[in-house]
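Each chain, letter by letter, is given below.
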Amino acid sequence: MEWQQLAAALFPAGHTVTETDHFLSGSAQVDGHTIAVIGTTNHAPIGIEIALAQAQTILTIVREQPQRPILILVDTQGQRLRHRDEMLGINSYMAHLGKCIELARCRGHKVIALVYDQALSGGFITSGMMADACYALPESTIRVMGLPAMARITKVPLERLTELAKDNPVFAPGPDNYLRMGGIEAIWEGDLAQQLVEALANANGSDRRAALGLARGGRLLAQPVIEAVLRAA
Amino acid sequence: MNSYLEANARERLRHLLDRQSFNEFLPPSQRIVSPHLAQLDAPVAFDDGVIIGQGFLHGQRVLAAAQEGGFMGGAVGEVHGAKLVGLLQRAVTEQVVAVILLLETGGVRLHEANAGLIAVSEVMRAVLQTRAAGVPVIVLIGGSNGCFGGMGIVARCANFIVMSEEGRLAMSGPEVIETASGVEEFDARDRALVWRTTGGKHRYLLGDCQAIVADDMDAFRQAASAAIPACPAAGVPLTLAELEAEQAMLAARLQDFGTQTEPMDIWRRIGIEDPHLVPMLEATEFTRLVSNSVARAAAQQGVS
């Protein structure tokens, strides 16, 4: 979905979101309140510039609009795969972005994320996955890495991975698998504006994903292992 | 010298902590293994490639974890990640002096793709929650697999990173970049370039790790111990001031070095007069050279 179309559906009361080099920012009216909006579009590769721009926007919100809710719109092909970005420490830039979102949550900003197109790997764990709750549209895709690179690293033949990516819950890229594993809170269909209002009302800072994965039957060991460590003598 | 690089995860923990003080949680005898590897006919490990537990470091009680690079490159799957999350949560309730993470990992275990990605995200948030509760998180990197992928991000969420020059810290591995963008973008077989781009000395020069030590168990032990008081109580949780300072530091790095393509050119700009010497120096000589060079460069800037 184009971001303009998405914004119109999410914010019927109006918004000021604009795009600069695949980076979205602005504010919107939701249920009589102003919220901040940041995100990316066109399957943006997250290089160090766009990570830094998003982090700066969040720090400005934290400083100037205490407790204003934040919506993160996710569409990324993951971290930019360049020697130059690695040389300059792209992991530090992405960690910085994740820490800025965490700081916002700790200081009382509700943070909601919506995967409206693609989400991938490092670009996702430092954006949508840092939110109080991450939602997804039904046609979105969430994955870890392109299959050719995955085949090279795992030494599992590409044909086998391609087969698994069709419907295996661990490998298939659909949001329903992430829903069952607890990584996605819910999939939004129908009235997006209303679901955003409810998501903001229900936002809760604790990380419940392992418990959700257990309750939904998609990730059966994470929560029991966490609890076993807490109990271990 | 007792090499950290060549030791396995258990040996590292044994040497890092006070003699016979380590007590493992969920040891291999409990056989808690990955639920996902069987479908790929991949072998399992009874500790899922990570050892967690409690012990003492110079008499101070800590929780510690060590990833085993010998099992799937130390990559994080569902169980592996949950062990780390449980350990970090336990540190909050027990208010130990610190959590020490001996990271050696390629990041998300691709054999558990989606479950591994969520697990890395949970570890990242657990590190920050532990810091928020006032318990410092200290990362050691010196294994032959380096610290990559999502765990390269997690490492930079900790309070303090100790690396050896053999240690490597980055995001996408050279093989991933070469596969996706071509050998002309990053030649994964050019070991010297890989080292200059991701190795401990480069990270130290950029400010992405706080200490660099020789590849020696005792050196890591001393550095880990010294790191605990180096995390002042007020600075353990994230603060706006810290992140605004980091924003300025990362913006300046992009401004100063954003058009560079060769790490040695960056070292020269930082103030290292002869960057070709850097690979030859042992850790203490190197840190001395850096502090002298940076001080001289700062003084010259002050004059001009």
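Residues numbered from 1 in each chain as written. Chains lettered and ligands numbered in written order. Predicted model: local features only at pLDDT ≥ 70, side-chain atom pairs only at ≥ 80, totals over all residues. Heavy atoms only, no water.

**A look at the pattern of salt bridges**
Point 1. Tallied over the entire structure, the rule returns 30 salt bridges over all chains.
Point 2. Close ionic contact of E49(A) with R84(A) constitutes a salt bridge, the shortest N to O distance being 2.8 Å. Highlighted residues: E49(A) in helix α2 (residues 48-64) and R84(A) in helix α3 (residues 83-87), separated in sequence by 35 residues.
Point 3. Taking the shortest distance from any N to any O, the salt bridge between R82(A) and E185(B) comes out at 2.8 Å. Here the residue R82(A) occupies a position in the loop between β6 (76-79) and α3, and E185(B) occupies one in the loop between α5 (174-181) and α6 (191-198), the pair thus bridging two chains. (Salt bridge = Lys/Arg side-chain N within 4 Å of Asp/Glu carboxyl O. Helix = DSSP H or I, 4+ residues; strand = E, 2+ residues; numbered from the N terminus.)

**Here we look at the interface of chain B and chain A**
Point 1. Taken together, the 79 residues of chain B in the interface contact 77 residues of chain A.
Point 2. For the pair chain B and chain A, the summed buried area comes to about 6,900 Å², and 64% of that belongs to carbon and sulfur atoms.
Point 3. Taken together, chain B and chain A are joined by 41 residue pairs in polar contact (both at pLDDT 80 or more).
Point 4. In terms of residues, the side of chain B that touches chain A owes the most to one element, helix α3 (residues 113-132) of chain B, which gives 13 residues.
Point 5. Each residue belonging to the side of chain B that touches chain A can be placed in one class, and the counts come to 40 nonpolar, 21 polar and 18 charged. (Contact = heavy atoms within 4.5 Å. Buried area = accessible area lost by both parts, 1.4 Å probe. Polar contact = N/O pair within 3.5 Å; in protein donor to acceptor, adjacent residues only side chain to side chain. Nonpolar A, V, L, I, M, F, W, Y, C, P; charged D, E, K, R; others polar.)

**With respect to the packing of helix α1 (residues 3-10) of chain A against helix α9 (residues 192-202) of chain A**
All names here are of chain A.
Point 1. It is the contact of α1 with α9, at a shortest axis distance of 7 Å, that shows an interaxial angle of 65°. Comparing the axis directions of α1 and α9 gives the class roughly perpendicular. Between α1 and α9, the residues in contact are L6, A9 and L10 and L192, A193 and L196, respectively.
Point 2. Across the contact of α1 with α9, the residue classes tally to 6 nonpolar, no polar and no charged. (Axes fitted to C-alpha atoms, helices over the stretch in contact; angles between N-to-C directions. Parallel < 35°, antiparallel > 145°, perpendicular 65-115°, else oblique.)

**Structural notes on the sheet that holds strand β3 (residues 60-67) of chain B**
Strand pairing in a sheet takes place through backbone hydrogen bonds and is either antiparallel or parallel in direction.
Residue and element names in this part refer to chain B.
Point 1. Read across the open sheet, the 7 strands follow the order β1-β2-β3-β4-β5-β6-β7; overall the sheet is mixed. Sheet topology places β1 (23-25) and β7 (211-213) at the edges, where each strand pairs with a single neighbour. Direction aside, the axes of adjacent strands within the sheet are offset by 25° on average. (Pairing = 2+ DSSP bridges.)

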